[in-house]
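# What the coordinates show
Residues per chain are reported as follows:
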Amino acid sequence: MHPRFTTAFATLDNSLQQALKPVLDDPNFTAILQPETLQHLMTATGLDGDALALALLPLAASCAVTPISHFNVGAIARGVSGRWYFGANMEFSGATMQQTVHAEQSAITHAWLSGEEKLAAITVNYTPCGHCRQFMNELNSGLSLTVCLPDHPPRTLADYLPAAFGPADLNIHSVLMDINDQQFVPQGDPLTQAAIRAASLSYAPYSAAYSGVALQTRDGKIYAGRYAENAAYNPSLPPLQSALILLNIRGGDCTDIQRAVLAESDDAALLQHSATQTTLAALGCQHLDSVRLTRT
Ligand SMILES: O=c1ccn([C@H]2C[C@H](O)[C@@H](CO)O2)c(=O)[nH]1
Ligand SMILES: [Zn+2]
């Protein structure tokens, strides 16, 4: 298993350890749990879904990258497909606080980038901050998303975000995780194409400044992330963060990026380039290429 799991794994109950070991030992494990695996884990441990998700949180939290706080938050986004997606917070030394990724954003983005179409629930080891509550209120599950926390009964997002402000206040009705394809014209090498495809699938209803980032690590793997806007603007997730979430949660190292491509329109109302370049530089990557988006 990935060395980051070793300590947390040792703290799990014996029955869970036994059932989970082959899953974590699989070299193809990508921090997603399939419905059949979850069924097996529930049978082996006697835990129901909510209890199992809580029991797995230490593993999700061990994916955190927290050079500043050393405060590891773990989240599990539970899709309507029955698949569960790990997420963890990420901090970037040498960048700004605004570049931080919260565990909830990580799990949700992990699910979205993996093709999940809607979430049923999210389980987190700490109470979600206001920024995450707002981020979650952009999802197509709306205020009925179930939020599960240790020491609290499951509640809905509506309970955690009363008198909510959201997309409908700005007249937006097709929301985050709904399928939207801008169909930008593919071009260039595989990394460039991955960035363009991510931009096509990005969510930018407020600015129409669609964008995507693709990262290539030294082992040749490619991770593509999509921009995700928010009705309250500030909680929007930049495309670099989206790609870094995928890289990290799949077991990669964010300081191992060899080359990055940002796909955006140069006449867009918002531009990701300078923030992307600065955060990448903080991670030791100086090689950012840009590609302009075109429509047929
Ligand atoms: O809802 C929350 C609150 C905080 N954090 C992270 C952000 C930062 O990395 C650290 C300290 O706030 O915890 C989350 O991931 N989710
Ligand atoms: Zn948060």
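Residues numbered from 1 in each chain as written. Chains lettered and ligands numbered in written order. Predicted model: local features only at pLDDT ≥ 70, side-chain atom pairs only at ≥ 80, totals over all residues.

This part covers the overall build of the protein chain. Looking only at helices and strands, one finds ten helices and ten strands in the protein chain. Compactness check: the protein chain gives a C-alpha radius of gyration of 18 Å against a globular reference of 19 Å for 296 residues, within 12% of the reference. Principal axes of the C-alpha set define a box for the protein chain whose edges measure 55 × 45 × 35 Å. Out of the 296 residues in the protein chain, the part that is buried amounts to 43%. (Helix = DSSP H or I, 4+ residues; strand = E, 2+ residues; numbered from the N terminus. Rg over C-alpha atoms; globule rule 2.2 N^0.38 Å. Buried ≥ 20, exposed ≤ 12 C-beta atoms within 10 Å, placed from the backbone.)

A few words now on the site of ligand 1. Near ligand 1, the surroundings consist of 13 residues, among which Val-73, Asn-89, His-102, Ala-103 and Cys-129 are the closest. Here the residues of the shell around ligand 1 are counted per class, giving six nonpolar, five polar and two charged. (Near = placed C-beta within 6 Å. Nonpolar A, V, L, I, M, F, W, Y, C, P; charged D, E, K, R; others polar.)

To continue, consider the UniProt feature "domain: CMP/dCMP-type deaminase" (unreviewed entry) in the protein chain. Taken from the UniProt record, the annotation "domain: CMP/dCMP-type deaminase" (unreviewed entry) applies to residues 48–168 and 186–296. The span residues 48–168 is 29% helix and 18% strand, and its two end C-alpha atoms sit 35 Å from each other. (UniProt positions renumbered as here; feature names shortened; annotations may be inferred.)

The set of residues buried in helix 10 (residues 273–282) consists of Thr-276, Thr-279 and Leu-280. In an axial view of helix 10, the angular spread of the buried residues amounts to 100°, which keeps them on one side of the axis. Residues of helix 10 that are buried make contact with strand 7 (211–217), helix 9 (239–249), strand 9 (257–264) and strand 10 (288–292). Backbone geometry just after helix 10 places Gly-284 at a positive phi near 90°. (Arc of directions from axis to C-beta. Contact = placed C-beta atoms within 7 Å.)

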